[in-house]
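Summary of structural features
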Amino acid sequence: MGFIAIFATFLFLFPIPAFAVQNDRINLTWELLQERVKSPVLREGNLTVNLRGMVIDLRPENAIFRDAFYQLLRKELQKTGAKALGLDLSASIIEGDFLGSELGLRTPLYAQGIAQIFTPTERDQLESLRSVCLQSLAMAFPDSKDCKSLLGNQSTTSSNIAVFRGALIMVESRFNGEVKFPNTFFLQSVNAQGTNFFKATNWQESRFGRTVSFNNAIFHASSSFQGSIFFDKANFQEVTFIEAANFQGDVFCKIAKFNLGKFRQVVKFNSSYWQDNADFSSAVFTNQVNFNKVNFHQFLWMKDAIFKQVLIFRESEFNQSVDLLGASILNQADFSDAKFAETAFLNVPGLVFNSNQAKILGNVGEIGKKFIVPTLHGNQNILRNLSQNFRLQQQVGDANQLEYTKQRLKLIELSHRLVAININTASVNRLINLGFSETQASEINQRRQIKHFRNISELLALADVDLETYNKLSDRLIATEPMVLSGWIVQSLNWLLLSLLLLLSGYGTNFWLVFGVGGVVISCFGVLFWLVDRYRRLCPVPIVPKYYETVCTLFSFTCLISGSLLAIFRNSVSPWVTLLCLFMIIFPIPGILLWRLYQQGRYHDLMDRSYFTEDGTLRQLRLLIGRLPVIPRNPSFRERYMPLLWDRRWNWLNYYDFSLNNLVRLGFNDIRLRDEHLPGIISALAWYQWSLGLLYIVLAGWTLSRTIPGLNLLIYLK
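Residues numbered from 1 in each chain as written. Predicted model: local features only at pLDDT ≥ 70, side-chain atom pairs only at ≥ 80, totals over all residues. Heavy atoms only, no water.

1. Focus: the overall build of the protein chain
When helices and strands are tallied, the protein chain shows 19 helices and 52 strands. Within the protein chain, the proportion of its 718 residues that are buried is 49%. The contacts of the protein chain with a sequence gap of at least 6 include a subset with a gap of at least 24, amounting to 54%. Total accessible area on the protein chain stands at roughly 35,500 Å², and carbon and sulfur atoms take up 57% of it. (Helix = DSSP H or I, 4+ residues; strand = E, 2+ residues; numbered from the N terminus. Buried < 20%, exposed > 50% of the residue type's maximum accessible area, 1.4 Å probe, protein only. Contact = heavy atoms within 4.5 Å. Areas by Shrake-Rupley, 256 points an atom, 1.4 Å probe, with all protein chains shown as cover.)

So, in structure tokens, the structure goes:
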């Protein structure tokens, strides 16, 4: 009695776990199988043969029972009826190989040959395979036997497929042998949640007509879904593939979820087609994962996914964005020859990537444009690592594109800082006008008198500030230390300089944009200098250009400005804003000076001679770094520099040459303004362009040094 009391006390203090008191599984016998087949039950809305919680021995040693098992189930599952009979193997242990395709009805895949036991809905499902095979032709000719049969030219060619009419339920089952469902069409749902597959599984070229669920399933050996088609949702959430997994050539017609999955060995999705979203969020890939030649028609979600080995997307197509928010690339990601639609980008905020240990590969000049982050805050290190990654691979253009992205976000942040309302300095009335209530504004004022806000989210800690008000006004607020006027002016100048660099050169990343900007300046000032020199007055004696010269000048201006505008529109992210910026630089000051020149008229000596002179001692292409736009006062220079010849048919070219000299210090001749009887307005126009030329040379040299690797800026100033 004492021993019993002690044992009872032990059980009370340390209860037996629940799994230890579960009912033992029942061995499936021939008699029990016959009984269960005759009395199907309703599971998940489907009439099924109930083989739950059993031990089913299908090993070769039990060959008599195994053959009878397949024969009886095949007969019952293929019976004619409006409602197909399914199979429930939940919580069962299957010993030996499970030949699931043997339970299906073999039928040819053409309309006249489909067995009449199928309902009209089932026949439509079988015939829908043809449309999917036709869609696969857009990528490559399908390799599966049934698709080749349906799309073949010879009418006698056909392919049989095993059709599993009812639902297949095997929740938390245990398959100790191989599972084989090759070339099988499942007309109803397949539910294998929490199932353990201890040996290889074969689902090659299977077709899943309804929702498939392998959530929490564990594949201990290799598994192959190669060439399969998922007509409905494919759920592989929290699945574990301990050995290799093969999904090559699969078609996913609806959303496919692999989130929280674990892939221990190589996984292949080569040549697969995803018509809906693909979700790999929080998945862990311990080994290589292949997405070669994959077509993603919708979004690809890889948020918080971990890639410990190589991630390959060679020759894949993306019609929507790839979400890599918080993902970890620890080895290599290869996007070589991948095609991105205009709306497709690589969203990489929070990406864990170290350029010293990992690499991202992609097409030169293309991949850098596809990385996006919403804000600069919290993503500077990511952009720096990505830029360093491409510099190490000598992909300077892509590295510069990431630098451009970084500076563009910096400009947005700086603009917001200049125009937004500082919550630490705004008056109570201004807060009320912004949208806060009087109570909220008063509470904000009391809080900042004690301690300044460090970020806007601290407003939610106030009792009277609700989430709706915060979401409505947060974009118009900032939380910084109070700024003095001088600090605001410095930030404004930084904003102006950064805006000019982004608009006129892509922050030193696009030389063709700089070239187009220079072309516009040279052509406009060339025509301007021609106008002030050749069109002087109409009376008493007209001093105007000849008709031929006017036509040549205007035609050449049209050609030059068209080529320059083409370069700007092809290379600028915001071409119209770039042109507006150029307009503000080129036209206001010269326009005012030109208007003043013709308003006051010209009454000076040497009216019949050009204001411009050329070096008569030498004519050659020269780089004139130290040249000034006006000749020196020494009389000897007046003998050396001779006035332009108005009567020459090619004289109009000299004005473009002067404009070229002024802007880039390069010309076919040394053309300057004369030093006597020269209106000050014309001299001011020349000096204005010469000053712009100093800035342009710095901009062009800086851009060249950033876009051509290994070259020093001094090469261009030699």
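Read on, since the account is not over.
2. Some details on the sheet that holds strand β50 (residues 641-643)
Strand order in the open sheet formed by three strands is β50-β48-β52, and the pairing between neighbours is antiparallel. Every interior strand has two partners, whereas the edge strands, β50 and β52 (671-673), have only one. Across the sheet, the axes of successive neighbouring strands diverge by a mean angle of 40°, strand direction being ignored. Judged from the three bridges that link them, strand β48 (residues 612-615) and β52 form a sheet pairing that is antiparallel. Bridging from a neighbouring strand, F612 pairs with L673 of β52. (Pairing = 2+ DSSP bridges. Axes fitted to C-alpha atoms, helices over the stretch in contact; angles between N-to-C directions.)

3. A short note on the confidence of the model for the protein chain
In regions of low pLDDT, the predicted coordinates are not meant to be interpreted in detail. Across the protein chain, the average pLDDT comes to 85, with 88% of residues at or above 70. Low pLDDT, under 50, characterises residues 153-157; the stretch is placed with one contact to residues that sit more than four places away or in other chains. Note that residues 712-718 has pLDDT below 50 and, in this model, nine contacts with residues that lie over four places away or in other chains. (pLDDT = per-residue confidence, 0-100.)

4. Section: the nonpolar core
A general trend in soluble globular proteins is that nonpolar side chains are found buried together. L51, F69, F98, W203, W274, F280 and F291 are the most contacted members of the largest nonpolar core, which has 93 residues in total. Contributing elements (two or more residues each) for this core: α2 (30-38), β4 (54-57), α3 (63-77), β40 (332-335), α7 (380-392) and α8 (396-419). The element best represented in this core is α3, accounting for six residues. Those residues in contact with W274, other than ones at most four positions away along the chain, are F252, A256, F258, F269, F280, F291, V294, N295, F296, H297 and Q298. Ranked by size, the runner-up nonpolar core spans 42 residues in total, among them V514, V521, I682 and A686. (Core = buried A, V, L, I, M, F, W, Y, C linked by side-chain atoms within 4.5 Å.)

5. A word on the sheet that holds strand β29 (residues 273-274)
The sheet built from ten strands is open, its strands ordered β8-β9-β13-β17-β21-β25-β29-β33-β37-β41 with mixed pairing. Looking at strand neighbours, the two that pair on one side only are β8 (105-108) and β41 (339-340), the edges of this open sheet. Pairing of β29 with strand β33 (residues 295-296), which is carried by two bridges, proceeds in the parallel orientation. Of the residues in β33, the one forming a bridge with W274 is F296.

6. Let's talk about the pattern of salt bridges
If you walk through the whole model with that rule in mind, you get 14 salt bridges. In this structure, R74 engages E102 in a salt bridge whose closest nitrogen and oxygen atoms are separated by 3.7 Å. Pair noted here: R74 is in helix α3 and E102 is in the loop between β7 (98-99) and β8, with a separation of 28 residues, a long-range link. On the basis of relative accessible area, R74 is assigned to the partly exposed category, the value being 27%. In this structure, the salt-bridge partner of R314 is D334, at a minimum N-O distance of 2.6 Å. Residue R314 is found in the loop between β36 (311-312) and β37 (317-318), and its partner D334 is found in strand β40; the two are separated by 20 residues along the sequence. (Salt bridge = Lys/Arg side-chain N within 4 Å of Asp/Glu carboxyl O.)

7. Some thoughts on the packing of aromatic side chains
Applying the stated rule across the entire model yields 72 aromatic pairs. Ring plane angle 90° and centroid distance 5.6 Å describe the contact between F236 and F247, whose orientation is recorded as edge-to-face. With F236 in the loop between β22 (234-235) and β23 (240-241) and F247 in the loop between β24 (245-246) and β25 (251-252), this pair connects stretches of sequence that are eleven residues apart. The burial state of F236 is the same as that of F247; both residues are buried. Plain terms: the ring middles of F529 and F658 are 5.0 Å apart, the flat faces sit at 80° to each other, and that makes the pair edge-to-face. (Phe/Tyr/Trp six-rings, centres within 6.5 Å; stacked < 30°, edge-to-face > 60°.)

8. Points about the side chain of R674
Tracing the chain through its elements places R674 in the loop between β52 and α19 (680-707). The charged side chain of R674 is buried without a salt bridge, its nearest counter-charge being E676 at 6.7 Å. Of note is the side chain of R674, whose polar atom sits 3.4 Å from the backbone oxygen of R609. A polar atom in the side chain of R674 sits 3.2 Å from the backbone oxygen of S610. The contact partners of R674, leaving out residues within four places of it in the chain, are H604, D605, L606, R609, S610, Y611, T613, V630 and I631. (Lys, Arg positive; Asp, Glu negative; His and termini not counted. Polar contact = N/O pair within 3.5 Å; in protein donor to acceptor, adjacent residues only side chain to side chain.)

9. Quick look at the packing of helix α16 (residues 588-600) against α19
Here α16 crosses α19 at 165°, and the two axes come no closer than 10 Å. Regarding the angle of α16 to α19, the classification is roughly antiparallel. Regarding α16 and α19, the two cross each other, and that crossing is left-handed. When α16 is examined against α19, the residues I589, P590, L593, R596, L597 and Q600 are found in contact with a partner set consisting of I681, I682, A684, L685 and Y688. Taken together, the residues of the contact of α16 with α19 break down into nine nonpolar, one polar and one charged. (Parallel < 35°, antiparallel > 145°, perpendicular 65-115°, else oblique. Left-handed = near helix turned anticlockwise from the far one by under 90°. Nonpolar A, V, L, I, M, F, W, Y, C, P; charged D, E, K, R; others polar.)

10. Notes on the environment of R25
Within the element layout of this structure, R25 appears in the loop between α1 (2-13) and β1 (26-27). Along the chain, R25 and V55 lie 30 residues apart, while their C-alpha atoms are 6.2 Å from each other. Each residue touching R25, except ones within four places of it in the same chain, is listed here: G53, M54, V55, A91, S92 and I93.

11. A few points about the pairing of β4
Side chains M54 and I56 of β4 all project onto a buried face; the interleaved residues V55 and D57 project onto the opposite face, where all are buried too. Summarising the sheet, β1 and β4 pair through two bridges and their orientation is parallel. Following the sheet pairing, N27 is matched in β4 by V55. Relative to strand β6 (residues 93-95), β4 is paired through three bridges, and the arrangement is parallel. Directly across from I56, in β6, lies its bridge partner I94.

12. Section: a nonpolar patch on the surface
Residues M483, L485, W488, I489, L493, W495 and L496 make up a contiguous nonpolar surface patch of roughly 690 Å² in combined accessible area. Along the chain, L485 falls in helix α12 (residues 485-505). (Patch = residues over 30% accessible without salt bridge, like charges linked within 9 Å, V, L, I, M, F, W, Y side chains within 5 Å.)

13. Focus on α7
Here α7 contains 13 residues, and its C-alpha end-to-end distance of 18 Å stays within 8% of the 18 Å for a straight helix at 1.5 Å per residue. By the burial criterion, the buried members of α7 are I382, L383, N385, L386, S387, N389 and F390. Phi turns positive, to about 60°, at Q394, one or two residues after α7. (Expected span 1.5 Å × (residues − 1).)

14. Remarks on the packing of helix α13 (residues 511-534) against α16
The contact between α13 and α16 brings their axes to 12 Å, and the two run at 10°. When the axes of α13 and α16 are compared, the pair comes out roughly parallel. Between α13 and α16, the contacting residues are F525, L528, L531 and V532 on the first element and P590, L594, L597 and Y598 on the second. Residues of the contact of α13 with α16, tallied by class, amount to eight nonpolar, no polar and no charged.

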